[in-house]
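Topology and contacts: notes
Here is how the chains run, residue by residue.
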Amino acid sequence: MSAPHRNVELKGHDPDPAATLAAALAHGASDEGVIRQRDTYLAARTGRLKLREQEPGGAQLIAYERADEASARQSAYHLVDVPEPAALLAALDAALGTSVVVEKERRLLLHDGVRIHLDRVRGLGSYVELEAVAAPDSDLAAEHGKLARLREVLGLTDDRVVPEGYAALLLAAGEGTQRLVALAHAVREHAHAPYSRFHVGVALRDEHGGLHTGANVENASYPQGQCAETSAIGALVGSGATRIEEVVVMADAELVTPCGGCRQRLAEFSSPGTPVHLCGPEGIRRTVTMGELLPLGFGARDLPT
Ligand code: THU
């Protein structure tokens, strides 16, 4: 694996890609043509892991960490060339699971060491992305300066900046929900519920796109049993994640809902708007929010400081 590279980058909505292209060319950017890209995001335990397949061009595995913030961001990454993308993808999907797939058409322009991406993303729309690749010993001041100048030329104003990555935007729009449902179905098969015979499977998506599962674990000493939600939360926290973005609960009941204690446990890591899909074995029966499940709940904000 190569040494980590560094980028400073910024992305925003592009309501008029033709005008952005014209402005970039008028400013002296070179047009490097159009690339079709398919990024498959794997549910990595820590950080982000994606396989990028490019046409023209080959495939690369990319591992990186990135904070979501509405400013020019710095990201560290590792790149590995992949000669057999289909085989690698099958292996990674079997081992880790796929979180989401992002497909886009990207026009690449170059200007003074900055890559300008004019992206049309399936299911999301048009975006402009600026990426300054940093020299190894740079303090990043020059890269931030170049980005600031290009933003002005291209009219990438603050109100258009989008801090989230395309994968996160697609997941927030529900693109990963059926994968969570399938995971809940699979983990439910492993429930240890010989006393109630009520098998529950839960799947959670974290703030990095990581997917976590748990089943209920009962005990001959009945009060020692634990719910599927609790098992899944333990897996999420153990991975290093700190937020729950989406919940799937599955059981063979008319409408299974998390018990009172698990609503409180889920609320510790989620927001009132976090979706909770209540499922039977065949799929989603009803979707509610955490706020609906636990109105007026107690939280860390209620503790004395
Ligand atoms: N149970 C869960 O795991 N999650 C729920 O949302 C409801 C109930 C488990 C606890 C116990 O093992 C069994 O279902 C019957 O209550």
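In this text, all values refer to a predicted model and were calculated from it rather than measured experimentally.

**Let's talk about helix 7 (residues 260-267)**
Buried residues of helix 7: Cys262, Arg263 and Leu266, and no others. Along the axis of helix 7, the buried positions cluster into a sector of 110°, meaning they face one direction only. Of the surrounding elements, those touching the buried residues of helix 7 are strand 9 (200-206), helix 6 (228-238), strand 11 (244-251) and helix 8 (290-293).

**A word on the domain arrangement of the chain**
Domain assignment breaks the chain into domain 1 (5-167) and domain 2 (176-302). For domain 1 versus domain 2, the distance between C-alpha centres works out to 33 Å. Residue-level contacts link 10 residues of domain 1 with 7 residues of domain 2. Both sides of the domain 1 and domain 2 interface together cover about 660 Å² of buried area, and 45% of this is carbon and sulfur. Counting the surface domain 1 buries against domain 2, the share from its top three residues, Arg45, Thr98 and Ser99, is 52%. At the junction of domain 1 with domain 2, the criterion picks out 0 salt bridges.

**Quick notes on the packing of aromatic side chains**
Applying the stated criterion across every chain, the model contains 2 aromatic pairs. Between the aromatic rings of Tyr127 and Tyr166, the centroid separation amounts to 5.2 Å while the plane-to-plane angle is 70°, which identifies the pairing as edge-to-face. Pair noted here: Tyr127 is in strand 8 (residues 125-133) and Tyr166 is in helix 4 (residues 166-172), with a separation of 39 residues, a long-range link. We note that Tyr127, like Tyr166, is buried. Look at Tyr195 and Tyr222: their rings are 5.4 Å apart centre to centre, the planes differ by 45°, and that puts the pair in the tilted class. Here Tyr195, found in the loop between helix 5 (177-188) and strand 9, pairs with Tyr222, found in the loop between strand 10 (211-215) and helix 6; they are 27 residues apart in sequence, far enough to count as distant. Assessed through its relative accessible area of 39%, Tyr195 is described here as partly exposed. Since its relative accessible area comes to 61%, Tyr222 is described here as exposed. The side chain of Lys11 reaches across the aromatic face of Tyr166, ending 4.6 Å from its centre.

**Here we look at unusual backbone geometry**
Each neighbour pair has its own omega, and for Glu55 with Pro56 the value is 0°, a cis peptide bond. Mapping Pro56 onto the fold places it in the loop between strand 3 (48-55) and strand 4 (59-65). One non-glycine residue with positive phi stands out, namely Leu140, at about 75°. You can see Leu140 is positioned in the loop between strand 8 and helix 3 (141-154). Look at Leu296: it is not a glycine, yet its phi comes out positive at around 55°. Here Leu296 shows up in the segment after helix 8. Its relative accessible area of 89% is what places Leu296 among the exposed residues.

**Some thoughts on the site of the ligand**
Close to the ligand lie Ser196, Phe198, Val200, Asn216, Glu218, Cys227, Ala228, Glu229, Thr257, Pro258 and Cys259, which account for all nearby residues. Taking Asn216, its side chain carries an N or O atom lying 3.0 Å from an oxygen atom of the ligand. Glu229 has a polar side-chain atom sitting 2.6 Å from an oxygen atom of the ligand. Looking at side-chain class alone, the shell around the ligand contains 6 nonpolar, 3 polar and 2 charged residues.

**Topic: the side chain of Glu129**
Mapping Glu129 onto the fold places it in strand 8. Assessed through its relative accessible area of 7%, Glu129 is described here as buried. Discounting chain neighbours no more than four positions away, the residues touching Glu129 are Leu10, Lys11, Arg106, Arg115, Ile116, His117, Asp119 and Tyr166.

**Digging into helix 3**
Its 14 residues place the ends of helix 3 20 Å apart at the C-alpha level, agreeing with the 20 Å of an ideal helix rising 1.5 Å per residue. The set of residues buried in helix 3 consists of Glu143, Leu147, Leu150 and Leu154. Buried residues along helix 3 cover an arc of 70° about the axis, so they all sit on one side. Across helix 3 from its buried face, at more than 90 degrees, point the exposed residues Arg149 and Glu152. At the C-terminal side of helix 3, Gly155 shows a positive phi close to 70°.

**Some thoughts on the environment of Val133**
Mapped onto the elements of the fold, Val133 is located in strand 8. Relative accessible area serves as the criterion here: at 40%, Val133 is assigned to the partly exposed category. Between the C-alpha atoms of Val133 and Lys11, which are 122 residues apart in sequence, the distance is 15 Å. Apart from residues no more than four positions distant in its own chain, Val133 is found in contact with Arg6, Asn7, Gly113, Arg115 and Glu143.

Here is what the cut-offs are and how they apply
Residues numbered from 1 in each chain as written. Predicted model: local features only at pLDDT ≥ 70, side-chain atom pairs only at ≥ 80, totals over all residues. Heavy atoms only, no water. Buried < 20%, exposed > 50% of the residue type's maximum accessible area, 1.4 Å probe, protein only. Helix = DSSP H or I, 4+ residues; strand = E, 2+ residues; numbered from the N terminus. Arc of directions from axis to C-beta. Contact = heavy atoms within 4.5 Å. Domains from an automatic or database assignment. Buried area = accessible area lost by both parts, 1.4 Å probe. Salt bridge = Lys/Arg side-chain N within 4 Å of Asp/Glu carboxyl O. Phe/Tyr/Trp six-rings, centres within 6.5 Å; stacked < 30°, edge-to-face > 60°. Lys NZ or Arg CZ within 6 Å of the ring centre and 35° of its normal. Near = heavy atom within 4 Å. Polar contact = N/O pair within 3.5 Å; in protein donor to acceptor, adjacent residues only side chain to side chain. Nonpolar A, V, L, I, M, F, W, Y, C, P; charged D, E, K, R; others polar. Expected span 1.5 Å × (residues − 1).

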